[in-house]
Structure formats: C-alpha cells, structure tokens
Amino acid sequence: MIVADKKPIEEIIDYVKDHQNILVLGCNECVTVCEVGGKKEVGLLASALRMHFLQQGREVNVGERTLERQCDHEYLEEIRDIIDRYEAVVSIACGVGVQFTAEKYLSLPVYPGVNTLFMGANEARGVWSERCQGCGQCLLAYSGGICPVSRCAKRILNGPCGGSSGGKCEISKEVPCGWQLIIDRLKALGRMDDYEKIAPIKNWSTDRAGGPRKVVREDLKL
Amino acid sequence: MKPKTPSKLEKILTSGQLAVTSECGPPRGSDPGGIIRKAEMIKNHVDAINITDNQTSMTRLCSLAACIRLKLMGLEPVLQMVTRDRNRIAIQSDILGAASFDIHNILCLSGDHQSFGDCAIGQNVYDLDSMQLIQTVRHMRDEGKFLGGDPIERPPRMFVGAAENPFADPYEIRVPRLAKKIAAGVEFIQTQCIYNLDKFEDWLGKARDRGLTEQAYILAGVTPMKSIGMARYMKNRVPGMDVPDEIIKRLSGTPKEKQAEEGIKICVETIQRLKEAKGLAGFHVMAIEWEEMVPEIVEKSGLYPRPQGE
Amino acid sequence: MRLGYPSSIRIIRVPCTGKVDALHILRSFEKGADGVYLVGCREGDCHFNQGNFRAKARVEQMQKLLEAIGIGGQRLQMYNLSSSDGPMFARFAEEMHQRILDAGPSPIRTGLKKIRETRKDQDRSIQAAL
C-alpha cells in the first residue's frame, strides 16, 4: 500500500491560515491503514485546526468528510454538493488523492495534509517499510523475491557492495542490507547458482526516468 | 598473457613482476598544486597512481581532470569512476574523455552512498552498478561500440579494474563476487586495505582454487596506521574494515611518538608476508594524506626500484 | 475513604484508559476544558494488558499537538496508580488542579470570549446604524 507520514501541523496551519471555511478530506484506504489519513485522523486534524484558530479569537468552520478513495471519479463526486461551502480543502489522502481532488474541483485550493513516501508493507504495529519503487520491469523472480531496486540503497543489481556490514546497509544500522537478504533467501531456496548470473544493465525507461507513466488497458476501455 | 592495451600497469603485470600502485585524493578546490606535489613525491616508487572519485561522497576536484594532469606530467594514472554520480551517457562520455588523453587504466566502482558526504540530501544516480560498468568499458573497448549500439570513433583502450573487499559481509560470497566481476570482464583488482592477514590469505586461497588468480591480477591493498586513534576509528567506524585486536594491542602498547613508525612497520611486514602469497600480483598502497611515506614503505618492502619503460 | 478532591474535576469513568481515544481528549479541549487528565493502572498492572501503554502513547502524541497549536501540552497529563489507592487519587487531583490554575484558563475560552465580544460590538454598531 501507499505509506504516508504526518505533516507537521504548523505547515498545514500555514497553508490554511487565511481561509474561513475549510474541508478536511480523508481517505478510507491506504492512509487509513497507516493511520495518518482516515476518518479518525480527519477528526483529530479538524479539531486541532478549530482549536488553533479559536485561541486566536477566530471561529473557522472546519468540515470533516472521509471518502472511500480519492483516486476514483465516482467517490470524489460524492462531495460535489457540499464543496461550495468551503474555500479550501486539506486532503489527508496520499499525493494521488490530493491531486485528483484538485483536478476535479478546480475552483478551490487543495492542500496536502500528509507527506506521501513509498509503496510498502506493515512490518509491525506502527512500522511500515518500503518494498517497491515501481520500476515497471519486475525482476523479483531472479532475486529470490527480494527487490534490489527498492531494498538496496544504491539499487545495485549485482550486489552486495563493499559497505555491507553485519547484514546492515552502510547508510544505517536500521536498514538491512538488501543483498544480504537476497543471498540468505537464495541460500534457503537452494539457488545460490543464481547469484553468479550477472544481472544486465537495467532498462529504466519504464521507471520515473522515462517520464510520467500511464497504463492503458485496451481490453478494459469502453 | 599479452597486454591488450597500451597501459604501463598492464605491461608490468603481464610481465610477471609485482606491480605497485598508490592513490591520491584530489583537493576540495581548484588548485592542482596538491595533486602535482603528491604525484611528484611518489612517482618513482609506483607504477600507476589512482585518483579517487569524490571519495566518501565529499565533493572534490574530479578524478578525470586530475588524471589528465598526471598524464600531462608523464605519469600513469588510474581513473577511478563511481556510478553514484553519473548516468550511462556521462559514464561513456567521461571514458571517451579519458581515452582522448590516452589514459589507459580505469577502476570501476559503485561509490559510497551520498549520505556520507557533503551533499547528503542530493540525488544519486546508480544507472549502472560497478559490475555493469566493467561490462560497459569492455564493450566500448572490445566491440568498439556505445551501449546504444553505434560505433565509436577511436574506441577507448583501457585496462579494466575493480575493487574487492575480502572483509565485507557476507564473507561467503566474496569469492563468488570476484568470480562474477571477472566474468563481467575485469582484468585487475585492488582490494580494501588488509590488516587481517589470515582472513585475506583464506580469501586468496579460495580465489586461487577457483582459478581466479589466473584470470585477473590481484593487488593487495595496504594502508599504514598513523596512530592508535586511527586504528580504533578504522576498526569501529568504517564499514567493511577488519582490524584485528593484535594490531590494536600492538599500537596501544607503543608510546605516542613512536606509533606512526610502528604503523609503517606493520604495513611493511604485511607486504613482506604477502609477497610470498601465491596468486598475488602486486600491492596497492593507500596512504591518504600521508603520501610522503609511500617511498619509504615501497623501499623497506624491497619493491624499489620500480621497472622502468618497455 | 471519603477523601476530598477539588470540585473543579469532572470524572468520566472508562473500563480502561486504553478506551480513551485521542479524539475524546481533543474534543474535550475544543469544548472548553482547561485541562484533561487520565488516571490508569500502574504500568505492568493493566487489567487489559496493554491498555494503559496505548493511552500513554496517545497522551504523549496529543501533548505535542496541543503544544504545536498553542493550547499548551502541560494541560494534558497521565497518571498511574493502583485501583485501591485513594490517597494517591486525591493527590493527583490536587496536583492537576494546581497545574491548571497555574496555566490559567484555556486559550480556547479566552478566544471564545473574544469572538463573543466582537459579535456584540458588531450587533451594537448595526443597532446604532438602524
């Protein structure tokens, strides 16, 4: 899922400080799962904003709404009837949701309320870590199911580098060496011969480098 | 084996003699004086001089420019190139730039992560890794073509090297990794500096058993310890560095004024012992910011004078 | 035990401090509370295992938020005691009461007052104009 983290409230206050009617818009999917943009967080942010302005002597109207998703037209349509009550939206969905909402409701500013980070998994309560960078040419079959692009700090395809130490990456003891993980997995799978196969130079054109990407499925278009 | 390039380093190695290389770090500014001075200090005691490439991600005068400077002084440079900072276009371009000055040695590296250096919040590239860089140089040299497929006018004629660290984790793949680099086309290897001789000899022995020492020239890296402080720092703070307790004990037992001298002694003893190692083709003396000691180390190890000319 | 504690304190009983949502805390302040505190079992003694730890984590988060928005993190506290410790309970109540007295009324209340007065002035000037 897409993992996001909290934005400092001071930043959000700075975005909306001149508005009188603000809608805090949440999303029921990824950001709910990583407890940063769901219905509860909408309530917390809205209450905090109201209180901040109240103690300045201003009564600001902060509305609250959580959509199933902000990345589909159908769900964003659900607020069409109430959107005119507001001058600004703080969307606490991921960066996709913020933008899609802004594209749909062109007449008012849509501010991001969280910092979107990566595609990752929930390792433990309160801990999410990156697993995929969307390179568009998945090579997990050759690396024992562990991705050298997202789990190696240098995205080395023929690793490990000389800085791998005690199973940790040279950049931090908190970061496991992706290649140590791959080697351990290849060993467990009895596929250490795969290790000596040289991974060819990667085609990055389907990655960010190739430009903004699009998937068009002719078989699904109406 | 006949040399495939005009590289002086390759010539010495193919003749069966032990080669000696060293390295210089370029300055953090545009004054070439430091490079010239350091190179002058060591030029008669080494066969080739590596120029590091923004080492530990600290922005410095680029390796290519410093190598050109050495070439113009009549010396033999080894261009160190990391893939952290350049995409494949810049890589091929810099290789051609080096080749246009008849620089014939390249050391292919991935490079330390930028978080170690002075631009920790910058981007990194890693379009290729060190293995793929080795393949690229060989492709440009032997096929005479760019990665894109077009022919190169006057292909580079470079002797291709890489680094290996026998002390990094996991140990069990360090020899397979060497095999992989050789399969990718590497012709010489410079290792990380050696303090744990037993472990190094074990690694070398395993490489020998696989026939790898016949396929590439392995140069043992050595670095003299300046002080017990440096020894402790390298033991505890540098990833992939193996400094045995005996070295720490030996240096801490030496009075402060004598520690540098003891460090040189340890370095010379290392070289003397490894001269006997089967399959070893030479030494890479890294005395960063202590280049003035290189001549002494080379002489005391019985590696002076260096073979001259053809 | 019939020990006294300040009348400024409204008690809301919950089965476990872990049941207290961060939103309950914020809404209390929003509605004008000058201070909020949680009293839970001693750490390690939670009847429901981890409830008081969850409460502690939420309290710490909300303290930071209250500080950031200008209300003051010290207005929110968490205390732990054994359920039979009446004197401790009374002590905490006194302590919290004193802490809030020192902190003064919540800036929400002063803010609301300001809003009411601004409205009164606006009404007066409208009346005067008519």
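Attention in this report is confined to the structure presented alongside it. All values derive from a computational prediction rather than experimental measurement.

Take empty space enclosed by the protein next. Residues and elements named next belong to chain A. Here the structure, examined in full by the defined rule, presents two cavities of 30 Å³ or more. There is about 120 Å³ of room inside the largest cavity. Looking at the largest cavity, it is lined by 15 residues, and the ones nearest its centre are Cys152, Ala153, Cys161, Cys169 and Cys177. Elements with a contribution of two residues or more to the lining of the largest cavity: strand E9 (172–176) and helix H7 (178–188).

Turning next to the sheet that holds strand E1 (residues 2–6) of chain A. Residues and elements named next belong to chain A. Strand order in the open sheet formed by three strands is E1-E6-E7, with antiparallel pairing between adjacent strands. Among the strands making up the open sheet, the edge pair consists of E1 and strand E7 (127–132). Each strand of the sheet is rotated relative to its neighbour by a mean of 75 degrees, with strand direction disregarded. Judged from the five bridges that link them, E1 and strand E6 (residues 114–124) form a sheet pairing that is antiparallel. Following the sheet pairing, Asp5 is matched in E6 by Asn115.

With that out of the way, let us pick up the interface of chain A and chain C. Listed by partner, the interface residues are 20 residues for chain A and 23 residues for chain C. Interface area, chain A with chain C, both sides summed: about 1700 Å², of which 62% is carbon and sulfur. On inspection of chain A and its partner chain C, the count reaches four salt bridges. Asp21 of chain C serves as the salt-bridge partner of Lys40 of chain A, at 3.0 Å between the closest nitrogen and oxygen. Taken together, the connections running from chain A to chain C amount to eight residue pairs in polar contact (both at pLDDT 80 or more). At the level of elements, helix H1 (9–16) and helix H3 (39–54) of chain A are the ones that each hand at least two residues to the side of chain A that touches chain C. Split by residue class, the side of chain A that touches chain C holds six nonpolar, six polar and eight charged.

What follows deals with the sheet that holds strand E3 (residues 77–82) of chain B. In sheet architecture, strand pairing relies on hydrogen bonds along the backbone and comes in two forms, parallel and antiparallel. Residues and elements named next belong to chain B. Strand order around the closed barrel formed by eight strands is E1-E2-E3-E4-E5-E6-E7-E8, with parallel pairing between neighbours. In this sheet, neighbouring strand axes are inclined to one another by 30 degrees on average, regardless of whether the strands run parallel or antiparallel. Here four bridges tie strand E4 (residues 105–109) to strand E5 (residues 159–164), and the two strands are oriented parallel to one another. Looking at E5, one finds that Leu107 is bridged to Gly161. Strands in contact with helix H6 (residues 174–184) are E5, strand E6 (188–193) and strand E7 (217–222); relative to E5, the strand with the most contacts, it is inclined by about 165 degrees.

This next bit is on the state of the cysteines. Residues and elements named next belong to chain A. Going through the model one piece at a time under the given rule, you end up with zero disulfides over all chains. The thiol of Cys27 is not disulfide-bonded; the next cysteine sulfur, from Cys71, is found 6.3 Å away. Its relative accessible area of 8% is what places Cys27 among the buried residues. Its sulfur unpaired, Cys94 is 6.4 Å from the next cysteine sulfur, which belongs to Cys30.

On to the side chain of Arg306 of chain B. Residues and elements named next belong to chain B. Of note, Arg306 is situated in the segment after helix H12 (294–300). In this structure the side chain of Arg306 is engaged in a polar contact, spanning 2.6 Å, whose partner is the backbone oxygen of Leu18. At 2.7 Å, the side chain of Arg306 forms a polar contact with the side chain of Asp47.

Okay, helix H4 (residues 88–100) of chain B next. Because each turn of an α-helix spans 3.6 residues, side chains separated by three or four positions in sequence point in the same direction. Residue and element names in this part refer to chain B. A rise of 1.5 Å per residue sets the reference length of H4, with its 13 residues, at 18 Å; its end C-alpha atoms lie 18 Å apart and thus fit the reference within 8%. When H4 is considered as a whole, its buried residues turn out to be Ile91, Gln92, Ile95, Ala98 and Ala99. Seen end-on, H4 carries its buried residues on one side only, within an arc spanning 120 degrees. Those residues of H4 that are buried are in contact with helix H3 (63–72), E3, E4 and helix H5 (130–143). Looking one or two residues beyond H4, the residue adopting positive phi is Asp102, at roughly 55 degrees.

For the rest of this paragraph, the subject is the environment of Gly44 of chain C. Following the sequence through the fold, Gly44 of chain C ends up in the loop between strand E1 (36–40) and helix H2 (51–68). Leaving out residues up to four positions away in the same chain, Gly44 of chain C has contacts with Asn52 and Phe53 of chain C.

Moving on to the nonpolar core. Ile95, Ile106, Phe200, Leu274 and Leu280 of chain B are the most contacted members of the largest nonpolar core, which has 68 residues in total. When sequence neighbours within four positions are dropped, the list of residues in contact with Ile95 of chain B reads Met81, Ile106, Leu133, Val137, Met140, Pro156 and Met158 of chain B.

The rules behind each value
Residues numbered from 1 in each chain as written. Chains lettered and ligands numbered in written order. Predicted model: local features only at pLDDT ≥ 70, side-chain atom pairs only at ≥ 80, totals over all residues. Heavy atoms only, no water. 1 Å grid on protein atoms, 1.4 Å probe; cavity = no way out; pocket = protein on both sides within 12 Å on 5 of 7 lines; lining within 4 Å. Points joined across faces, edges and corners; volume = space filled by probe spheres on them. Helix = DSSP H or I, 4+ residues; strand = E, 2+ residues; numbered from the N terminus. Pairing = 2+ DSSP bridges. Axes fitted to C-alpha atoms, helices over the stretch in contact; angles between N-to-C directions. Contact = heavy atoms within 4.5 Å. Buried area = accessible area lost by both parts, 1.4 Å probe. Salt bridge = Lys/Arg side-chain N within 4 Å of Asp/Glu carboxyl O. Polar contact = N/O pair within 3.5 Å; in protein donor to acceptor, adjacent residues only side chain to side chain. Nonpolar A, V, L, I, M, F, W, Y, C, P; charged D, E, K, R; others polar. Disulfide = S-S within 2.5 Å. Buried < 20%, exposed > 50% of the residue type's maximum accessible area, 1.4 Å probe, protein only. Expected span 1.5 Å × (residues − 1). Arc of directions from axis to C-beta. Core = buried A, V, L, I, M, F, W, Y, C linked by side-chain atoms within 4.5 Å.

In short, geometric facts, not functional conclusions.
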